[in-house]
Amino acid sequence: MERIFAEYYIETPYEVEQAAAVLAGEQSSGTFVSVPGETAELKQRFAARVENIEKLDIVDEPSIPGNAIAGKKYQRAKVQVSWSIENFGYNLPLLISTLQGNLYEISQFTGLKLMDFEVPDSFKNKFRGPQFGIQGSKASCGVKDRPMIGTIIKPSVGMSPEETAALVQTLIHAGIDFIKDDELMGSTANSLFDDRVNVIMRVINDHAQKTGKKVMYAFNISDEIDEMQRKYDLIKKHEGTCAMISINSVGLSATKKICDQGDLVIHGHRNGWGMLNRHPLLGIEFPAYQKIWRLAGVDQMHVNGIQNKFWESDDSVVKSIQSCLKPFVCGNNPLPVVSSGQWGGQAPETYRRTQTTDLLYMAGGGILAHPMGPTAGVNALQQAWKAAVDGLSVEEAALQYPEFAASVKKFSKQ
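Residues numbered from 1 in each chain as written. Predicted model: local features only at pLDDT ≥ 70, side-chain atom pairs only at ≥ 80, totals over all residues. Heavy atoms only, no water.

Rule in force here: UniProt positions are given in the numbering used here, feature names are shortened, and annotations may be inferred rather than shown by experiment.
With an unreviewed UniProt entry as reference, the protein is termed Ribulose-bisphosphate carboxylase, source organism Flavobacterium flevense. Heading Sequence similarities (unreviewed entry) of the UniProt record for the protein holds this comment: "Belongs to the RuBisCO large chain family."

The following block contains the structure:
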């Protein structure tokens, strides 16, 4: 019978083998004590198995609260556990409940993080995965051999539909590929969702009719399920191409319901990511996280950015990008969305570390606050990426491209 395998990074004051067995029991057929009916035959068929243990370092203090034991050290280890697919079939919420359920509450652990997981090939017959992903997203905007260049509407909240549409028109004329609502923007008192879609898509469609290039706008449809469906249909009615979902806020089943329709590119915003990942011994690592949302069908995934304004290290960002580019059992590879305090100056290092242009490279202030205006901001990002692929340093690119040089002068001091 096919099995699903998961790898955890753990910390425990107990014997690792004992703690791992508790994890396997809690997340399958067992509980804290033997119960009638838990026969050897039942365990053989449904109990989780500890497949491998790799002991790592030992520390003096617990990473998070747990069963602190006087005089005990805390062993860290990598533990691989597997489950028969019979336990949950192809029920995605139940799979996640198994991989990430009560195990975080088990007192034997003073640290536990889901690092990655693997599912059998049969999943491709049950899950479509991303319908557009990298290729579909770039093709929709007519982009080849470079990243999509994108931005976020700023101020995040407060502009009227007409003011937003005017900014969109400026950005489109500047040569932008992608624009999105901020995750805080839904349907405010002075900018109702329906009004915003109407005026923005009028600008986008007019430009597309004249030039043949259709800019992708990600409207934030995050809401209750029925209202999300209505907003999704409204975007389609106005010939939009993309909807944004705050995936941690909306949840797995609601996101999958929208993704399964397959008409619009789904931009997955991961706001709230820090509470899932920031602690090194609690939560989930991005390679596992992005697989969950790939099974749901998300086409574009935020990965933070090199030298970002948040807490995440460059190594973590690179690992996140690489995990999106790695084939999985179903659908297309999702497009990594690079954002968070980005401007052209990070492009050379981003390319050096990842060796890919299959990205959506987003800059808010890096475009809108460019000293020569938004058009120069878009040009500067395109120049930065051309320089990066050509192997030029930031200093060399600044000598060659005036708009990029102005970016360097302003943003390198920030």
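Having seen the model, we can carry on.
## Focus on the nonpolar core
Just so we agree on the cut-off: We define the nonpolar core as a collection of buried residues of types Ala, Val, Leu, Ile, Met, Phe, Trp, Tyr and Cys that are connected through side-chain atoms lying within 4.5 Å of one another. Relative accessible area decides the class of each residue, using a 1.4 Å probe on protein chains only: under 20% of the type maximum gives buried, over 50% gives exposed, and in between gives partly exposed.
In this structure, Y8, L95, F123, V168, I221, W293 and L295 are the most contacted members of the largest nonpolar core, which totals 102 residues. The next biggest cluster of nonpolar side chains, apart from the first, holds 15 residues, and it includes I134, I152, M216 and C242.

## Brief notes about the packing of aromatic side chains
Let me state the cut-off plainly: Aromatic pairing here means that ring centres of Phe, Tyr or Trp (its six-membered ring) are within 6.5 Å. Orientation follows from the plane angle: under 30 degrees is stacked, over 60 is edge-to-face, and everything else is tilted. Counting from the N terminus, the helices are DSSP H or I runs at least four residues long and the strands are E runs at least two residues long.
Enumeration according to the criterion identifies 12 aromatic pairs in this entry. Taking 5.8 Å as the distance between ring centres and 40° as the angle between the ring planes, the aromatic pair formed by F286 and Y289 counts as tilted. Note that F286 and Y289 are positioned in helix α11 (residues 286-296) at a spacing of three residues, about one turn of the helix. Look at Y289 and you get buried, because its relative accessible area is 3%.

## Let's talk about the side chain of K231
Quick reminder of the rule: Residue contacts are counted whenever heavy atoms from the two residues lie within 4.5 Å of one another.
The topology assignment puts K231 in helix α7 (residues 225-237). If sequence neighbours within four positions are ignored, K231 has contacts with F193, I221, S222 and D223.

## Remarks on the pattern of salt bridges
Two side chains with opposite charge may pair up if their charged atoms get near one another. Threshold: Think of a salt bridge as a Lys or Arg side-chain nitrogen and an Asp or Glu carboxyl oxygen that are within 4 Å of each other.
For the structure shown, the criterion picks out 24 salt bridges. Between R230 and D194 there is a salt bridge; the shortest N-O distance is 2.9 Å. With R230 in helix α7 and D194 in helix α6 (residues 193-211), the pair connects residues that are 36 residues apart, well separated along the chain. Accessibility expressed as a relative area gives 33% for R230, which makes it partly exposed. In this structure, E227 engages R230 in a salt bridge whose closest nitrogen and oxygen atoms are separated by 2.9 Å. With E227 and R230 both in helix α7 and three residues apart, this pair spans about one turn of that helix. Taking the relative accessible area as the measure of exposure, E227 reaches 27% and is therefore partly exposed.

## Some words on the state of the cysteines
Worth spelling out the cut-off: Note on disulfides: each one is a pair of cysteine sulfur atoms within 2.5 Å.
With the rule as written, the count across this model stands at zero disulfides. As a non-bridged cysteine, C242 has C141 as the owner of its nearest cysteine sulfur, 8.6 Å distant. Relative accessible area serves as the criterion here: at 0%, C242 is assigned to the buried category. Its sulfur unpaired, C324 is 13 Å from the next cysteine sulfur, which belongs to C330. Take C324: its relative accessible area is 0%, and that puts it in the buried class.

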